[in-house]
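# Per-entry structural report
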Amino acid sequence: MRIQIINGPNLNLLGVREPEVYGKRAWEDYLKELRGRYPKVRIDYFQSNLEGEIINMIQEVGFDRDGIVLNAGAYTHTSVAILDALKSITTPTVEVHISNVSQREDFRRKSIISPGCLGFIGGFGLDSYRLAIEALIDRASDQE
Ligand code: DQA
């Protein structure tokens, strides 16, 4: 099984950025733990602050992977282009958020990209990524 994690803008600053919202843990450390937990799953990782690069990656992995775990950061709330990319591909995508976006500012309540995703997981800190991977693994085994 092969899963692609895509992190959007400012998520390269995890551990440093607003630790009261996103936690103090460094991403690389968490990713190592995640990979150790699922030795049979190849977990690839990509981060970009640029919308077009995120779209290029969605297109690149969108037809032959078993799943995409996407935290589009603030583009979640603005990007019709990312929504269109998600609707163009066949790989199931789980939308992930570290924080509970429903409890925050009004503008974070609306996800433009949700209609292009299989489901939505948010509010569990970095554990949201693991929960998304679990959902993709379960879905793949249901389809076997
Ligand atoms: C986020 C929530 C977004 O509203 C915000 O712009 C982010 C991170 C989250 O993981 O909680 O950059 O996607």
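Up top you'll find the structure we're talking about.
Thresholds applied
- Residues numbered from 1 in each chain as written.
- Predicted model: local features only at pLDDT ≥ 70, side-chain atom pairs only at ≥ 80, totals over all residues.
- Heavy atoms only, no water.
- Pairing = 2+ DSSP bridges.
- Helix = DSSP H or I, 4+ residues; strand = E, 2+ residues; numbered from the N terminus.
- Axes fitted to C-alpha atoms, helices over the stretch in contact; angles between N-to-C directions.
- Contact = heavy atoms within 4.5 Å.
- Core = buried A, V, L, I, M, F, W, Y, C linked by side-chain atoms within 4.5 Å.
- Buried < 20%, exposed > 50% of the residue type's maximum accessible area, 1.4 Å probe, protein only.
- Near = heavy atom within 4 Å.
- Polar contact = N/O pair within 3.5 Å; in protein donor to acceptor, adjacent residues only side chain to side chain.
- Areas by Shrake-Rupley, 256 points an atom, 1.4 Å probe, with all protein chains shown as cover.
- Nonpolar A, V, L, I, M, F, W, Y, C, P; charged D, E, K, R; others polar.
- Phe/Tyr/Trp six-rings, centres within 6.5 Å; stacked < 30°, edge-to-face > 60°.

### Description of the sheet that holds strand β4 (residues 93-97)
Taking strand neighbours across the sheet as the criterion, the five strands line up as β2-β1-β3-β4-β5 in an open arrangement whose pairing is parallel. What marks the edges here is a single partner per strand, and that holds for β2 (42-47) and β5 (119-122). Between one strand axis and the next, the sheet turns through 20 degrees on average, direction left out of account. Relative to strand β3 (residues 67-71), strand β1 (residues 2-7) runs parallel, the two being bridged by five bridges. Bridge assignment links I3 to a residue of β3, and that residue is G67. Packing of helix α2 (residues 27-37) onto the sheet brings it into contact with β1 and β2, and relative to β2 it is tilted by some 160 degrees. The strands that helix α3 (residues 51-61) touches are β1, β2 and β3; relative to β1, the one it contacts most, it runs at about 170 degrees.

### Overview of the nonpolar core
Taken as a class, soluble globular proteins show a tendency for nonpolar side chains to be buried jointly. Of all hydrophobic cores here, the largest spans 22 residues; its most connected members are I5, W27, L34, I43, V69, Y129 and I133. For this core, the elements supplying multiple residues, two or more each, are β1, α2, β4 and α5 (127-143). The residues contacting I133, other than those within four sequence positions of it, are I3, I5, L34, Y38, I43 and V69. I54, I55, I68 and A72 belong to the second-largest nonpolar core, a separate cluster that totals 17 residues.

### With respect to the site of the ligand
What surrounds the ligand is the set R17, Y22, N71, G73, A74, H77, H97, I98, S99, V101, R104 and R108. H97 places a side-chain nitrogen or oxygen 2.8 Å from an oxygen atom of the ligand. Calculation on the ligand without its partners gives an accessible area of 320 Å², and the protein chains cover 99% of this total. By residue class, the composition of the shell around the ligand is four nonpolar, five polar and three charged.

### Structural notes on the packing of aromatic side chains
Evaluation of the coordinates by the stated rule reveals four aromatic pairs. Ring geometry for Y30 versus Y129: centroids 6.3 Å apart, planes at 55 degrees, classification tilted. Of this pair, Y30 sits in helix α2 while Y129 sits in helix α5, and the two are 99 residues apart along the sequence. Each member of the pair, Y30 as well as Y129, carries the same accessibility label: buried. The rings of W27, Y30, Y45 and Y129 are connected pair by pair, giving a single aromatic cluster.

Any link to function would need more than the numbers given here.
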